[in-house]
Amino acid sequence: MRSADVPYEKVTAKTFPKGLDTLASGHRACQGCGEVLALRLLLKSLGSEFIAVSATGCMEVCTSTFPQSSWRVPWLHVAFENAAAVASGVESALHVLRKKGKIPNKRIPVVAVAGDGGTADIGLQALSGALERGHRDFIYVCLDNEAYMNTGIQRSSATPFGANTTTSPSGTHSKGQHTWKKNMPAIAAAHGVPYVATASPAFHLDLMNKIRRAAAIEGPAYLHVYAPCPTGWRMKPELAVECSRLVVNSRIFPLYEVIDGHYVINRKVDNPIPVADYLKQQGRFRHLKPEDVELIQARVNLEYENLVKLAGTFPV
Amino acid sequence: MAKKPIGIEVSLAVAEAVKLCDADVVAAYPITPQTHIVEHLSELVANGELDAAYIPVESEHSAMSSCIGSSAAGARTFTATSSQGLALMNEMIYIAPVLRTPIVLAIANRALSAPINIWNDHSDIMSVRDAGWIAVFAENGQEALDLTIMAFKIGERPDVRLPVSLNIDGFTLSHFIEPIIIPDHEEVQAFLPPNEATVKLDVANPISIGLLANPETYTEIRKATDDILLASKDKVIEVFKEFGKAFGRHYRVIETYRHEDAEIVLVTMGSISETAMTAIDEMREAGEKVGLIRIRLWRPFPVEELKAALVSAKVVAVVDRHMVMGAPNGPVCLEIKSALYDALNPPKVFNFIMGLGGRDVRRVDFKTVVERSKSLVKGGQSSFEIVGVYE
């Protein structure tokens with residue numbers, strides 16, 4: 001069966017999962033954290049029959065201060081750069097134990113969760129290894145808040161051009177981050193894995209369905225999830241959902257899937273809002289001049305066009 | 001009827017032991033001189049002789065990370081490495097014991113860079129000596145196979161649940177073909193119970209492993225691991241005894257050779273001990289009162305056993321195979337000195353470093369050690385000496 005045809009139970013407003021959250025409240029995330037919102041929705045969508053592996057980072061620290069834990073599913077944290085490798089070990093163990101009849105015979109997805117630093121920088125090797133090896137019940141979720149927030153807003157390779165961070169500060173000789181955001185979904189897709197998708201918490205049903213689809217499909221899956229950080233982005237906490245919407249509607253962060261190498265844009269943005277409208281809400285971009293914003297707009301236009309071409313050339 | 005030994009390369013014998021133990025998961029990355037172990041395991045899995053998941057990870061860091069994940073999920077887990085591979089694993093090596101994930105790690109001991117060198121010494125394992133692992137040193141191939149089997153039993157005991165490293169000297173032991181008795185699968189099954197992980201990743205009973213500990217709990221969690229590691233010595237001894245009963249080959253945490261009336265006692269670890277014994281025989285014939293203590297259990301360090309064995313000697317000559325930089329003594333000597341420090345009339349302890357980066361350790365080197373020790377008794381020794389170094 002083509003991965004695109006693998007059935008899964010869809011989340012709708014009517015069938016929205018009820019009951020306790022998999023990630024319990026009382027954790028220590030900042031006010032207005034878009035990352036923990038995305039994480040909570042993703043986990044809620046999967047129910048309780050999965051195993052979670054966290055990389056070190058905001059989501060690990062804020063949910064697991066001994067002797068408390070927010071996790072209502074089996075959860076393992078080992079270190080920063082190796083969530084993919086740890087999850088590989090768990091996944092392989094479950095497979096062989098199941099085959100030998102030592103545990104119940106049902107698929108248990110293993111979900112690795114890491115930030116953009118733990119994915120695009122220090123964890124890239126372990127992730128590449130895991131994707132290449134083809135672990136069947138393996139879902140990797142990158143919660144991308146576009147910098148090292150847990151250590152105090154340092155730039156990562158996923159920090160967008162122009163953003164002010166504590167290690168890419170704007171100054172008389174600098175516009176802030178001077179490199180373009182690393183395209184992690186493309187890197188994941190280049191491994192030829194069955195499922196890659198992007199998601200944003202403002203489009204919560206889309207987000208929740210993508211992890212269900214990832215769990216249903218056999219093979220490594222990679223989800224790249226936009227995760228706004230009001231603290232690090234110097235933004236009002238109540239704007240996390242709003243900016244999660246604007247980032248999609250401005251074509252900066254398009255929602256799409258790559259299924260067996262075939263591209264589908266889940267939300268076509270025909271009348272995009274200017275990127276300036278997105279940037280102006282966030283203090284990290286405040287120093288940018290109109291010509292910088294134009295540069296960003298041109299890049300966004302180009303990347304979206306490329307995506308449309310991919311979707312046209314390799315449709316599902 | 002007693003089983004007959006067969007000629008087999010020691011690395012392959014270790015892999016055969018892993019097969020006999022029905023390991024569930026092997027996650028490994030190639031590095032010389034460990035490779036023959038995991039090559040053979042891959043073959044056993046490919047041929048269906050071992051029903052395990054073989055994870056060909058992209059680095060040793062990921063090897064140990066995967067092993068921790070696999071062990072936390074309740075699988076019997078094995079990996080192997082050497083030198084730079086162990087150094088790359090270092091971060092994970094420190095995490096595995098505290099998360100209480102039993103893993104058996106065979107280390108074909110090899111010198112650390114720089115300069116890059118693929119040959120044997122003990123600098124790799126010494127870089128992780130304080131990490132919280134149980135660590136044993138094998139002297140020969142039979143011991144390497146037997147200790148592999150015992151390592152699973154020790155580490156997976158409900159009252160231990162710690163990772164275990166099996167140290168075999170790279171090339172000088174790992175690549176030798178030796179006569180080794182390979183037990184039957186049934187015998188090993190009777191000796192080694194299934195890995196009953198009561199605390200594991202299980203959707204029916206969700207728990208969190210690897211939580212953040214702040215200043216009010218970090219010390220206690222570290223101490224709890226050390227308490228378990230120290231207490232594991234008695235469990236190691238128990239398993240050694242059970243093994244002796246089942247297989248007729250008897251192991252102790254330290255071994256002694258002609259040491260009862262010895263005035264000078266050598267202390268060694270690993271395969272050079274056999275060379276040392278030959279040298280001792282020759283020196284005894286020449287009238288020297290020399291003997292040997294070989295440390296098999298390196299961690300937890302067998303303080304009481306060594307104290308009892310060494311306290312009556314006049315001189316103890318400790319051999320280290322690790323170049324300790326910027327300090328007066330190598331790691332083995334440091335432990336021996338601290339074990340003997342509060343003895344009433346402690347022997348003189350001298351420290352000799354030899355066999356670095358694969359330099360041959362010969363009988364004559366042990367004779368040099370004894371001669372040097374005899375003259376040092378008169379004048380003392382402020383720090384280690386390197387045997388046979390060209391200056």
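Quick caveat: nothing in here was measured; it's all calculated off a predicted structure.

### Quick look at the overall build of chain B
- Regarding its fold elements, chain B presents twelve helices and 16 strands.
- Taking 2.2 N^0.38 as the reference for a compact globule, 391 residues should give roughly 21 Å; the C-alpha atoms of chain B span a radius of gyration of 21 Å, in line with that estimate.
- Within the span of chain B, comprising 391 residues, buried residues form 54% of the whole.
- Long-range pairs, those at least 24 residues apart, make up 80% of the contacts in chain B with a sequence separation of at least 6.

### What to know about the domain arrangement of chain B
Residues and elements named next belong to chain B.
- As assigned here, chain B comprises domain 1 (6-247) and domain 2 (255-386).
- Taking only C-alpha atoms into account, the centre of domain 1 sits 28 Å from that of domain 2.
- Opposite the 26 residues of domain 1 that make contact, domain 2 presents 21 residues.
- At the level of elements, α5 (123-126), β6 (134-137), β7 (164-169) and α8 (215-247) are the ones that each hand at least two residues to the side of domain 1 that touches domain 2.
- Here the side of domain 1 that touches domain 2 gets five residues from one element, more than from any other, and that element is α8.
- Considering only residue class, the side of domain 1 that touches domain 2 consists of 13 nonpolar, eight polar and five charged.

### Notes on the pairing of strand β3 (residues 110-115) of chain A
Residue and element names in this part refer to chain A.
- For β3, the buried fraction is high: six of the six residues fall into the buried class.
- Residue alternation in β3 divides its side chains into two sets, Val-110, Ala-112 and Ala-114 and Val-111, Val-113 and Gly-115, and both sets are buried.
- Here strand β1 (residues 51-54) pairs with β3 via four bridges, running parallel. By the bridge assignment, Ile-51 is partnered in β3 with Val-110.

### Comments concerning helix α5 (residues 124-133) of chain A
- Along α5 of chain A, the residues classified as buried are Ala-126, Leu-127, Gly-129, Ala-130, Leu-131 and Arg-133 of chain A.
- Immediately downstream of α5 of chain A, the backbone of Gly-134 of chain A shows phi near 75°, a positive value.

### Overview of the sheet that holds β6 of chain B
- With mixed pairing, the seven strands of this open sheet are ordered in space as β3-β2-β4-β5-β7-β6-β13 (chain B). Of all the strands in the sheet, the pair left with one neighbour each is β3 (53-55) and β13 (297-299) of chain B. Each adjacent strand pair in this sheet contributes to an overall mean axis angle of 20°, direction not counted.
- Where strand β2 (residues 25-27) of chain B and β3 of chain B come together, three bridges link them in parallel fashion. Considered in β3 of chain B, the bridge of Val-25 of chain B is made with Ala-53 of chain B.
- Of the strands in this sheet, β2 and β3 of chain B touch helix α3 (residues 83-99) of chain A, which is tilted by about 160° from β3 of chain B.

### Quick word on the interface of chain A and chain B
- Of the residues lining the interface, 38 residues belong to chain A; the matching set on chain B comes to 39 residues.
- Taken together, the elements giving at least two residues each to the side of chain A that touches chain B come down to β1, β2 (75-77), α3 and α5 of chain A.
- It is α3 of chain A that contributes the most residues to the side of chain A that touches chain B, twelve residues altogether.
- Among the residues forming the side of chain A that touches chain B, the class breakdown is 21 nonpolar, 13 polar and four charged.
- Two strands pair when backbone bridges link them, and β2 of chain A and strand β9 (residues 208-209) of chain B are joined in this way by two bridges, in the parallel orientation. Paired with Leu-76 of chain A across the bridge in β9 of chain B is Ile-209 of chain B.

### Re helix α12 (residues 363-379) of chain B
- If you check α12 of chain B, its first and last C-alpha atoms are 25 Å apart, about what 17 residues at 1.5 Å a residue would give, namely 24 Å.
- Where α12 of chain B terminates, the next one or two residues include Gly-380 of chain B, which has phi positive at roughly 80°.

### Considerations on the sheet that holds strand β8 (residues 221-226) of chain A
- Read from one edge of the open sheet, nine strands run β10(A)-β9(A)-β7(A)-β8(A)-β4(A)-β3(A)-β1(A)-β2(A)-β9(B), paired in mixed fashion. The open sheet has two edge strands with one neighbour each: β10 (262-265) of chain A together with β9 of chain B.
- The pairing of β1 of chain A with β2 of chain A spans three bridges and is parallel. In the sheet register, Val-53 of chain A faces β2 of chain A, and the bridge partner there is Leu-76 of chain A.
- Lying over the sheet, helix α7 (residues 204-216) of chain A contacts β4 (138-144), β7 (195-199) and β8 of chain A, oriented at roughly 165° with respect to β7 of chain A.

### Here we look at the pairing of strand β15 (residues 348-353) of chain B
Residue and element names in this part refer to chain B.
- With five of six residues buried, β15 is to be regarded as a mostly interior element.
- Strand direction decides the pairing type here: strand β14 (residues 315-320) and β15, joined by six bridges, are parallel. Following the sheet pairing, Ala-317 is matched in β15 by Phe-350.
- Taken together, β14, helix α11 (residues 331-340) and β15 constitute a β-α-β crossover, and its handedness is right-handed.
- Once the chain exits β15 it traverses α12 before rejoining the sheet at strand β16 (residues 385-386), and the crossover so formed is left-handed.

### Details of the packing of helix α3 (residues 60-72) of chain B against helix α4 (residues 83-95) of chain B
All names here are of chain B.
- Here α3 crosses α4 at 30°, and the two axes come no closer than 7 Å. One element, α3, and the other, α4, form an angle in the roughly parallel class. The two elements α3 and α4 cross, and the hand of that crossing is right-handed. Each of Glu-60, His-61, Ala-63, Met-64, Ser-65 and Ile-68 in α3 lies in contact with α4, whose residues at this interface are Gly-85, Leu-88, Met-89, Met-92, Ile-93 and Ile-95.
- Taken together, the residues of the contact of α3 with α4 break down into eight nonpolar, three polar and one charged.

Thresholds, definitions, all that
Residues numbered from 1 in each chain as written. Chains lettered and ligands numbered in written order. Predicted model: local features only at pLDDT ≥ 70, side-chain atom pairs only at ≥ 80, totals over all residues. Helix = DSSP H or I, 4+ residues; strand = E, 2+ residues; numbered from the N terminus. Rg over C-alpha atoms; globule rule 2.2 N^0.38 Å. Buried ≥ 20, exposed ≤ 12 C-beta atoms within 10 Å, placed from the backbone. Contact = placed C-beta atoms within 7 Å. Domains from an automatic or database assignment. Nonpolar A, V, L, I, M, F, W, Y, C, P; charged D, E, K, R; others polar. Pairing = 2+ DSSP bridges. Axes fitted to C-alpha atoms, helices over the stretch in contact; angles between N-to-C directions. Expected span 1.5 Å × (residues − 1). Right-handed = clockwise from strand over helix to strand, strands pointing away. Parallel < 35°, antiparallel > 145°, perpendicular 65-115°, else oblique. Left-handed = near helix turned anticlockwise from the far one by under 90°.

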